[in-house]
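# Analysis of the macromolecular model
The primary structure of each chain is shown beneath.
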Amino acid sequence: MSVARSFRILIALMAVCLFLPLAAHPAHAASWGSPQTVNSWNTINQRWTANNELETYTPSCVWYEGSTLVIKTYKGSDGKYYSGRVESKALYGYGTYSFTASMPNGRGLLPAVWAAYLNPWLPEFDAAEIVGQNPNTVYQTFHDPNNAQTQFSKANSAGWTNAFHTYSFSWWPDHIDFAVDGTITGTKWYTTAPGVGMHFIVNTAVGGDWPGNPDASTWATADGARYLKVSAITYTPYYP
């Protein structure tokens, strides 16, 4: 190999090393707080019509069994659909939002564990949504303040419903990492406006634009109801 060729290779390698740090992801200091259990809720009590949904949220459909939050969904004798929805009283910032949840199946149901600013509504980070008649796919979605959406999904041939899995997202200053059972499913690079925070939310919607209407099969269980159970809801703060 000639001296000139060796010199050219050395210069090229130096250039690569120079630009690698510029192309790498921004570094984040390991400044994390201790995990906090989220269990202080506003329980919704109203008919819900967003997205053409059919349910009436009622506090009687929300309770704890030990440390497990339970959301019941059923069709009443009056023909109306009843379900539960809770929203954390506190607003949370950067960090990991984690839900260990057993989601129900059933045509026309949309169980979800997620977070949103609420006032105003967006942005919104969906840790998990499952369309009840399609239990083999879980969806994780980021909604920006204009409701532009970036969605990730993960398949499971054994189904995601009626078994506990951990659905989470980590919100950094410049991106959001979504994960299922500790495995990252997708990353959205995004910077939120100053002062934005998130409320934890747990609910099961009935009907609406995405899952469609329930039918008799939806309530074909021993007691005619479906249950969303969340055994752990935690927030681990990140301090940039």
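Before going into details, it helps to say that this report is about the structure given with it. (Residues numbered from 1 in each chain as written. Predicted model: local features only at pLDDT ≥ 70, side-chain atom pairs only at ≥ 80, totals over all residues. Heavy atoms only, no water.)

## What to know about the nonpolar core
Here is the rule we go by: The set of buried Ala, Val, Leu, Ile, Met, Phe, Trp, Tyr and Cys residues whose side-chain atoms join them within 4.5 Å is what this entry labels a nonpolar core. The buried label goes to any residue with under 20% of its type's maximum accessible area, the exposed label to any with over 50%, and the partly exposed label to all in between, with areas taken from a 1.4 Å probe on protein chains only. Put simply, DSSP H or I for four residues or longer makes a helix, DSSP E for two residues or longer makes a strand, and each gets a number counted from the N terminus.
Counting residues in hydrophobic clusters, the biggest one holds 37 residues, and the most contacted among them are Val113, Tyr167 and Val202. Here this core takes four residues from strand S18 (residues 225-237), the largest share from any one element. Ranked by size, the runner-up nonpolar core spans seven residues in total, among them Tyr57, Val131, Tyr139 and Ala205.

## Things to note about the pairing of strand S15 (residues 175-180)
Note the threshold: Should DSSP find at least two bridges between two strands, the strands are taken to pair.
The buried fraction of S15 is high, at six of six residues. Because side chains alternate across S15, one face comprises the buried residues His175, Asp177 and Ala179, and the other comprises Ile176, Phe178 and Val180, equally buried. The sheet contact formed by strand S14 (residues 164-171) and S15 spans five bridges and is antiparallel. Note on S15: the bridge partner recorded for tryptophan 171 is isoleucine 176. Relative to strand S16 (residues 183-189), S15 runs antiparallel, the two sharing six bridges. Looking across to S16, one finds that phenylalanine 178 is bridged to glycine 186. If you look at the hairpin formed by S15 and S16, you'll find two residues sitting between the two strands, and aspartate 181 has a positive phi there, around 50°.

## Some words on the sheet that holds strand S17 (residues 199-206)
Let me state the cut-off plainly: Axes here refer to lines fitted to C-alpha atoms; in helices the fit is confined to the stretch in contact. Angles between the N-to-C directions go from 0 to 180 degrees.
Strand order in the open sheet formed by seven strands is S2-S8-S17-S10-S11-S12-S13, with antiparallel pairing between adjacent strands. Each edge of the open sheet is held by one strand with a lone partner, namely strand S2 (41-43) and strand S13 (149-155). Mean inter-strand twist for the sheet, computed between neighbouring axes without regard to direction, equals 20°. Here strand S10 (residues 109-116) runs beside strand S11 (residues 124-129); their pairing, made up of five bridges, is antiparallel. Following the sheet pairing, alanine 116 is matched in S11 by glutamate 124.

## Here we look at the environment of serine 40
The condition is simple: Should any heavy atoms of two residues lie within 4.5 Å, those residues are counted as being in contact.
By the secondary structure assignment, serine 40 is in the loop between strand S1 (36-37) and S2. For serine 40, a relative accessible area of 39% gives the class partly exposed. Expressed as a C-alpha distance, the spacing of serine 40 and alanine 90, which sit 50 residues apart in the sequence, is 7.7 Å. Look past the residues within four positions of serine 40 in its chain and what remains in contact with it is Glu87, Ser88 and Lys89.

In short, the description is geometric, and any link to function would need to be established separately.
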